[in-house]
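Descriptive analysis of the structure
Residue-level listing of the chains:
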Amino acid sequence: MARRQIKAALNTRLSTFQKIYLLLIAGFILGPFIPLLIQSFAFRWAWPDMLPSTWWLEQREKSLLPLAWDYVLSPYSRVWEATVNTVFIGTVVTVICLAICLPAARVLAREKFRGKAAFEFFLSMPLIVPEAAIGIALLMIFIKLGLAGSYIGIIIVHLIPTIPYMIRMLTAVYQGLGRDFEEQAMILGASRWQVMRLVTLPMLLPGVVAGALFTFLVSTNIFLLTFFMGQGKIITLPTLLFSKIAGGTLDASAAGITLVVTIPGIILLLITERFIKEEAFGKGFGN
């Protein structure tokens, strides 16, 4: 009987309404990327034309590559420099964020102390206060300290909005794990380091990876704080994109850079779908 029910559930097809509903959602999510793709492969597309008046394929003798990608791949675009800076800063921020937030999340999840609720509230303040206010205030301090226009200054300001996200995610993971496995390991004679290395960290791994990926993604998309602290000396993909669209128009080169900016998010999404699944928690102890 159970097998028949399972087969019936697997063979169930979506109704017409459900298909239309899912298509509408997919169109709403993917819709903004369609003009970008069209623009990146257009040779001439001016207002008020709904579609490009001239496609790149029609002008291949004039341009071996689409104008957008010819510019993006050229050294004049500085896309490679911005990509390296973005990945480097995001990676360093993620590592530092993990080192800070792992012990803090453990305390918040498992300990009770006076002022805990107030501490958790103030921990969310960077997400409430506008980035412009934070950036201007810190810029005045960082100029005096000589950190403005440096990688160290940008990394420090990126920690401000990323730490609250990381702590909240790791705190939720710690709360879901409980102490039973750690206590059993200590009863069996394991040291604190062995408990952390062989029990706690493997069980935390899916949550740690998810938090790290999310932190990296947030860091690579921070524009305003990077713009203030970089002072034009250090460019990242968001600041490079802003310089192209600051005039209020989206040309082919800006469309190409926009698509490049979305690549880290797509890669992280694929990694998340591959590794961060419910069954990963069941594999926390290894093989």
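Scope of this entry: the structure provided in the associated data block. (Residues numbered from 1 in each chain as written. Predicted model: local features only at pLDDT ≥ 70, side-chain atom pairs only at ≥ 80, totals over all residues. Heavy atoms only, no water.)

A word on the side chain of Thr236
Tracing the chain through its elements places Thr236 in the loop between helix H12 (224-230) and helix H13 (237-245). Assessed through its relative accessible area of 4%, Thr236 is described here as buried. (Helix = DSSP H or I, 4+ residues; strand = E, 2+ residues; numbered from the N terminus. Buried < 20%, exposed > 50% of the residue type's maximum accessible area, 1.4 Å probe, protein only.)

A few points about the side chain of Thr220
In this fold, Thr220 is placed in helix H11 (residues 192-220). Separated by 2.9 Å, the side chain of Thr220 and the backbone oxygen of Leu217 make a polar contact. Not counting chain neighbours up to four residues away, the residues in contact with Thr220 comprise Thr86 and Pro238. (Polar contact = N/O pair within 3.5 Å; in protein donor to acceptor, adjacent residues only side chain to side chain. Contact = heavy atoms within 4.5 Å.)

What about the packing of helix H8 (residues 131-145) against helix H9 (residues 151-177)?
Where H8 contacts H9, the axes come no closer than 12 Å and their chain directions differ by 145 degrees. The two elements H8 and H9 meet at a crossing, and its hand is right-handed. Touching Ile134, Leu138 and Phe142 of H8 are Gly153, Ile156, Val157 and Ile160, all from H9. Class assignment of the residues belonging to the contact of H8 with H9 gives a composition of 6 nonpolar, 1 polar and no charged. (Axes fitted to C-alpha atoms, helices over the stretch in contact; angles between N-to-C directions. Left-handed = near helix turned anticlockwise from the far one by under 90°. Nonpolar A, V, L, I, M, F, W, Y, C, P; charged D, E, K, R; others polar.)

Topic: the nonpolar core
Within the largest apolar cluster, 40 residues are counted, with the highest numbers of intra-cluster contacts made by Cys101, Phe142, Leu170, Leu204 and Met229. Those elements that provide at least two residues to this core are helix H5 (79-110), H8, H9, H11 and H12. It is H9 that contributes the most residues to this core, 11 residues altogether. Setting aside anything within four residues of it in sequence, one finds Cys101 in contact with Ile163, Met166, Ile167 and Leu170. The next biggest cluster of nonpolar side chains, apart from the first, holds 10 residues, and it includes Val72, Ala82, Leu240 and Ile257. (Core = buried A, V, L, I, M, F, W, Y, C linked by side-chain atoms within 4.5 Å.)

Notes on the packing of aromatic side chains
As enumerated under the stated definition, the model contains 8 aromatic pairs in all. Seen from their ring centres, Phe17 and Tyr21 are 6.3 Å apart, and the 20 degrees between their planes marks the pair as stacked. With a gap of 4 residues between them, Phe17 and Tyr21 both fall in helix H2 (residues 16-30), about one helical turn apart. You can call Tyr21 partly exposed: its relative accessible area is 48%. Taken together, Phe223, Phe227, Phe228 and Phe242 form an aromatic cluster joined through their ring pairs. (Phe/Tyr/Trp six-rings, centres within 6.5 Å; stacked < 30°, edge-to-face > 60°.)

These results come straight from atomic positions and should not be treated as a statement about function.
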